[in-house]
Amino acid sequence: MKSEYIIEVNHVSKQFEDGKFALDDVSLQVRKGEFVTILGPSGCGKTTLLRCIAGFQVATSGDILLNGEDVTEMPPNERPVNTVFQKYALFPHLNVYENVAFGLKLKKIEPHEIEKRVKKALKMVSMSDYEYRDVDSLSGGQQQRVAIARAIINEPEVLLLDEPLSALDRKMRSDMQLELREMHDKLGITFIYVTHDQEEALTLSDRIVVMREGKIQQVGAPTDIYNEPQNCFVADFIGESNIFDATMVKDKLVHFCDHDFECVDKGFGEDTEVDVVVRPEDWYITEVGNRDEKEGPWQLFGEIKTCIFKGVHYHMTLLTDDGYELEVQDYHAFEPGTRVALLVKPEDIQVMKKSRLCNTFRGKMAEDNQVEFLDELWDVNERTADRFAVGEEVDIEVDFNHINLQDDEEDGTLSGEVYFILYKGDHYHLQVRTDDGDDIYVDTNDIWDKGDRVGIKIAPSWIRLYKVEG
Amino acid sequence: MTIKLIQNRKNWVWPYVAILCFFVILPLVLIGIYAFTNQQGEFTIQNFVQFFQKSEAVNTFIYSVTIAVITTLICIVLGYPAAYFMAMQSFRTPAVMSMLFILPMWINFLLRTLATVELFHMFNLPLGEGALLFGMCYDFLPFMIYPIYNTLQKIDVSLLEASQDLGANRWETFIKVIVPLSLPGVYSGIIMVFMPTVSTFAISELLTQNKITLFGSLIQRSFGEGGITMWNYGAALSLIMLIIIGLTSFFGNDDNEDINRQA
């Protein structure tokens, strides 16, 4: 039975020898002829996923189907896929022609047929006059073209591209992007493209798969990914964004930056905590001047702090009267110090479900009013501790803003590293990874850098304990 | 004035120039002069004529080159797989293996050769051609393994993946990618083994108990036993060997370019 999809990745996990998961239960379906981009920061598992599809790595669990056939453990040379490698991987002992002909020669194809097809493939990548050149004498862009020709000449069902343009300069990159897209449309081959460059992903793809820490965050068309990110990570990673903690007052009404905004989202329930994204270019901005501020539809008021010329537009930061920092883009420049009013249309507010409302851990009561979780002992209030027997399992909750980060890691009960930072207008939301690999989420006004070592402390009164349900 | 002389780094080269002149250029010139003169110091090519007329000398020469070629071939056959396994990542003990290969090199090769002689005595094996080949391979195998190991190790893994990706199985990848890319190392290994084996004399004297005479021994005897009367002839023989070795290193120069190009 032929499958509707050319590639099906079903619950694939890849665990490395050190125990870390490069892929964590990844599922993905790709239709024939699609241009799918796997996008994510370095170390998110995107290359591992590609290498599992190519066959250079074997998934620890789950399976991969190609045209409905299980290829999870098939060696790469038997798979109907070809790869364009990040650093081209051209054979230095062969010239351009021999490199491109490599795959066909292995298939024992007639020499004149090979010649015809090599010429065609080189023409396709505009490298016709370079047949007998030494590959080392070519520029990066030319080498990349040869690498593409070498892959497509085998007429694979799927072409895998591993950050193929990352070594090229900006101008060359955008030219090659267009050519790749044209090539895809002309050849009708399915492309799976790995990149960390969000602009590249938005330009090229039919669909984008955003990955982080071995998990797929969101799959969707470029416009969906950009306009309707499903979580803060996607919103922050793709394009520039203002992200705020917000409360969904009721359907189509959301409260953030101390103001009620009309929006188009519903179904979150009443008084629900959510995250909100507004793109910098979606703000309408005007100078207030001597006008009455309450007049008109304007929603927020503030003062311009910085204004940077970005070519087509100006990028400004401003501080609202209620103390929230916003990023705004406009074709007009507003000088620092200018009083401005802001407006955002309901459909430009993207409301996202919060993935968590507070830190939750599972632990065990210890003696002397202490509770054990994250492999450490933490003091709790006597009144709280008295409700549980020593040794009893408990659920622990700690609010984001009640976790205390210390400069000196020795000062904390636990030490860790700042792993991910999100600015939410008036505070930072940090993901701190402990040395054992657990995550603690922290809201703070202090400025930390990614990679900072911190000590983690929690005051006894902010640790809430609950009986384990069920 | 002196300080200025030291400060100019170009002047640092002079001591080395002096050493080279005295210990390399001067001896070479002397060999040249001796080879083309007779005992009375008159110009002659008689020394070379003498060599080509003596079938015994020519035969020794051919025999020496043959032994060197065979030794080199055996070293390739034994050394390539060793280097290959050391370079493959699946064997996680390259450090240990390298150590074991390098360990014999800590001991002077004359001592090792003497030990080999004792080994042959112990097992009642005859000394002779077989022992000679064994001894030479034993002494020079590391010089074959190292250059090959070096080039193999530098091969980018993505090239092997690319080959597999394009449809080559392991064997095809080995023949079409790994072997061609490791050739510069093989060439270096050939030079490193061939050069010393073609001119050796101590190993052959010890391991064949002087039964087999190699070209190196011939030269050594011309200078050692013949007294001053044979020096001109010995110089001519040295010059012939120099040319042979020179030819093989030209062969090597091309490969060094190859290695540089790949790096």
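Residues numbered from 1 in each chain as written. Chains lettered and ligands numbered in written order. Predicted model: local features only at pLDDT ≥ 70, side-chain atom pairs only at ≥ 80, totals over all residues.

**Observations concerning the overall build of chain A**
Put simply, the test is: A run of H or I in DSSP counts as a helix once it spans at least four residues, and a run of E counts as a strand once it spans at least two, with each numbered from the N terminus. In this scheme the burial state of a residue depends on its C-beta neighbours within 10 Å: 20 or more other such atoms mean buried, 12 or fewer mean exposed, and anything in between means partly exposed; the C-beta positions come from the backbone. Contact between two residues is assigned when their C-beta atoms, built from the backbone, lie within 7 Å.
Of regular secondary structure, chain A possesses nine helices and 30 strands. Along the first, second and third principal axes, the C-alpha atoms of chain A reach 85 × 65 × 45 Å. Here chain A, with 470 residues, has 37% of them falling under the buried criterion. In chain A, of all internal contacts separated by at least 6 residues, the share reaching a separation of at least 24 is 65%.

**A few points about the domain arrangement of chain A**
Residues and elements named next belong to chain A. Stated precisely, the cut-off is as follows: For each domain, the first and last residues come from an automatic or database assignment. Under the scheme applied, nonpolar residues are Ala, Val, Leu, Ile, Met, Phe, Trp, Tyr, Cys and Pro; charged residues are Asp, Glu, Lys and Arg; polar residues are all the others, including Gly.
With domains assigned, chain A is organised as domain 1 (5–227), domain 2 (233–353) and domain 3 (359–467). Each of domain 2 and domain 3 was reduced to a C-alpha centroid, and the two centroids are 32 Å apart. Facing 10 residues of domain 2, the contacting portion of domain 3 comprises four residues. Counting residues per element, the ones that place at least two in the side of domain 2 that touches domain 3 are strand S11 (242–250) and strand S18 (325–330). If one sorts the elements of the side of domain 2 that touches domain 3 by residue count, S11 sits on top with four residues. Among the residues making up the side of domain 2 that touches domain 3, the classes are represented as five nonpolar, two polar and three charged.

**Considerations on the sheet that holds strand S8 (residues 190–195) of chain A**
Residue and element names in this part refer to chain A. Rules: Two strands are counted as paired when DSSP detects at least two bridges linking them. The convention used is that axes are lines fitted to C-alpha atoms, helices contributing only their stretch in contact, and that angles between N-to-C directions extend from 0 to 180 degrees.
Ordered in space as S6-S7-S8-S3-S9-S10, the six strands form an open sheet in which the pairing is mixed. Because the sheet does not close on itself, it has two edges, and the strands there are strand S6 (81–84) and strand S10 (215–220). Taking each pair of neighbouring strands and ignoring which way they run, the sheet shows an average axis angle of 20°. In this structure, strand S3 (residues 35–39) lies alongside S8, joined through five bridges in parallel fashion. Bridging from a neighbouring strand, Val36 pairs with Ile192 of S8.

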